[in-house]
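Structure assessment
Residues per chain, in single letters:
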Amino acid sequence: MNKGKGEGKGEEKKGHSRESTEIMNSRMQEIGMLDTIGPRSLEVIEEDCEVMSACETRPYPLVVDRAKGSIVTDLDGRDYIDFVAGIAVLNAGHSNPAVQAAISAQLGKMTHCCSADFFAEPPLKLARKLRELSGYSKVFYCNSGTEAVEAAIKLAIWKTGRQNLIGFYNSFHGRTLGSLSLTSSKARQKEHFPGIRTVHTHYAYCYRCPLNLEYPGCGVECVKQIENLIFRKELNPEDTAAVFVEPIQGEGGYIVPPPEFHKELRKICTDNDVLLAADEVQAGCFRTGPFLAMENFGVKPDISCLAKALGAGLPMGAMLADASLMDWPPGVHSNTFGGNLLASAGSLTALEFMQKEKTGAHARALGSHIQQRLRELQDSYPCIGDVRGLGLMIGAEIVKPDRFIDPVTRNKIVREGYKQGIMLLGCGESVIRFSPPLVMTEEEADKGLERFEEAVKRGVR
């Protein structure tokens, strides 16, 4: 009897696996992708569908194998110009020789010591560099962006003794429960999950202002609603621990606020004795030019969170603050892998490389060039409704003739880009992001943009 039940379960699992593969093949056929997949890639995709969680999102069937600089090669040997950089992670470029050498050297010594319990040089050297680059005096290490935000939430609540937070619509701060409370980009990410009490307000999305106002005559009313509305109707500032904000909204659509936005936000927080925490996870590490994106606005938050590019491809996050704020006692917060030795060695070398090679200045120059090229495309392709960005954090919003969002066409263009040999990802409701490695050359960018134009042509058919 028991054996029969076990066999039944095994058969059910196999059937479910075949069903997953059939669903994948059907979907690829439906969107015209099945014939683009090489044989080795197809084997990986079919097995992946059998064993990986269905919550993963893959916009096109790319199976990566190796990469160098700004070029990614798939398992069947096809090259792609990378406008994604692992979602703004490989700022120093894929397979950076200096980073690889540093990781290899540390690998020959040891991989892990738990720096929360023992002292070691690699995390200390990295902390010195972070202090030099950011101006903050204290560092807390973790493993990812959402963990960095969680640490910032805990520090803000611990320091102030308050338990309420303020965030912004379209924001993305992570998917763990604390950071998810701040996240407000897609309802699906939050449904069924509990959270910390957070009140959201409007970010400065000037292309389609949620308040139906026009900049600059609006006086950045969106941010002033924190005082004019939230502190009057929702939360007393004396009950509010912190405001969390992205310098540039990432997953929400690469939305760049006007210069006054963050300055006014800083003033509101200071005047009301509320902490200001910046989520630099996607925008930091020279992506917009300076080390921290908030430097573009002349603002220093009380707390800054880093991850993604900080680890140069390895899991690494950090929360930065001054000693007067980060004075919590031992044991209040910690983790096992924060300050991992391999990640610390790779991170330090990547930061030193980018500093030496002046990749921040290159990001600004190349970012201006890419934006100019995209704006030229707007004249021929009205579906490109808005082009915006700072440095190499650029968004092209895809719209219908009435300027309404057009996610269907956006998704087609992203898939067509894959067919043309470029890596793209969407963000927001209808935006294509351009966040390439900061070592991308102008020649690579131009070739990629030629392929992007072809993808647009095919996407709007």
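Below, the structure is looked at part by part. Keep in mind it's a predicted model, so treat the numbers as computed, not measured. (Residues numbered from 1 in each chain as written. Predicted model: local features only at pLDDT ≥ 70, side-chain atom pairs only at ≥ 80, totals over all residues. Heavy atoms only, no water.)

Right, let's talk about empty space enclosed by the protein for a bit. Tallied over the full model, the rule gives 1 cavity of 30 Å³ or more. Empty space within the largest cavity amounts to approximately 110 Å³. Forming the boundary of the largest cavity are 15 residues, of which Ala-204, Cys-206, Cys-209, Cys-218 and Cys-222 lie nearest the centre. Considering only residue class, the lining of the largest cavity consists of 13 nonpolar, no polar and 2 charged. (1 Å grid on protein atoms, 1.4 Å probe; cavity = no way out; pocket = protein on both sides within 12 Å on 5 of 7 lines; lining within 4 Å. Points joined across faces, edges and corners; volume = space filled by probe spheres on them. Nonpolar A, V, L, I, M, F, W, Y, C, P; charged D, E, K, R; others polar.)

Reported here for the second largest pocket is a volume of approximately 910 Å³. As for the second largest pocket, its lining consists of 27 residues, of which Ser-115, Ala-116, Val-139, Phe-140 and Tyr-141 are closest to the centre. Only helix H5 (121-134) and strand S4 (138-142) provide two or more residues apiece to the lining of the second largest pocket. Ranked by residues supplied to the lining of the second largest pocket, first place goes to H5 with 5 residues. Along the lines of polarity and charge, the residues of the lining of the second largest pocket split into 15 nonpolar, 8 polar and 4 charged. (Helix = DSSP H or I, 4+ residues; strand = E, 2+ residues; numbered from the N terminus.)

On to the pattern of salt bridges. Scanning the entire structure with this criterion turns up 16 salt bridges. Linking Arg-66 and Asp-65 is a salt bridge whose minimum nitrogen-to-oxygen distance equals 2.7 Å. The network of salt bridges with shared partners includes Arg-208, Asp-386, Arg-388 and Glu-397. (Salt bridge = Lys/Arg side-chain N within 4 Å of Asp/Glu carboxyl O.)

Attention now moves to unusual backbone geometry. Cis peptide bonds are those with omega within 30 degrees of zero, and the linkage from Tyr-215 to Pro-216 qualifies with 10°. Here Pro-216 lies in the loop between strand S6 (198-201) and helix H9 (221-233). Located in the positive-phi region is Asn-212, a residue other than glycine, with phi close to 55°. Locating Asn-212 in the fold gives a position in the loop between S6 and H9. In this structure, Lys-358 takes a positive phi of about 55° despite not being glycine. Within the element layout of this structure, Lys-358 appears in the loop between helix H11 (341-356) and helix H12 (359-380).

Here the distance between the centres and the angle between the planes together describe a pair of aromatic rings. Taken as a whole, this structure holds 10 aromatic pairs when the rule is applied. Between Trp-158 and Trp-328, the ring centres sit 6.4 Å apart and the planes meet at 55°, which makes this aromatic pair tilted. Linking Trp-158 in helix H6 (residues 145-160) with Trp-328 in the loop between strand S10 (317-321) and H11, this pair joins segments that are 170 residues apart in sequence. Among the residues examined, Trp-158 registers a relative accessible area of 35% and is labelled partly exposed. Pairing Phe-286 with Phe-291 gives two aromatic rings, centres 5.4 Å apart and planes at 65°, and the pair type is edge-to-face. With relative accessibility at 3%, the residue Phe-291 sits in the buried group. By way of ring pairs, the aromatic residues Tyr-60, Tyr-80 and Tyr-418 are connected into one cluster. Stacked on the ring of Tyr-418, the Lys or Arg Arg-78 has its end atom at 5.8 Å from the ring centre. (Phe/Tyr/Trp six-rings, centres within 6.5 Å; stacked < 30°, edge-to-face > 60°. Buried < 20%, exposed > 50% of the residue type's maximum accessible area, 1.4 Å probe, protein only. Lys NZ or Arg CZ within 6 Å of the ring centre and 35° of its normal.)

All right, on to the packing of H9 against helix H10 (residues 259-271) then. Put simply, H9 and H10 touch, their axes get as near as 8 Å, and they point 30° apart. The orientation of H9 with respect to H10, classified from their angle, is roughly parallel. When H9 is examined against H10, the residues Cys-222, Val-223, Lys-224, Ile-226, Glu-227 and Phe-231 are found in contact with a partner set consisting of Phe-261, Glu-264, Leu-265 and Ile-268. The residue makeup of the contact of H9 with H10, split by class, is 7 nonpolar, no polar and 3 charged. (Axes fitted to C-alpha atoms, helices over the stretch in contact; angles between N-to-C directions. Parallel < 35°, antiparallel > 145°, perpendicular 65-115°, else oblique. Contact = heavy atoms within 4.5 Å.)

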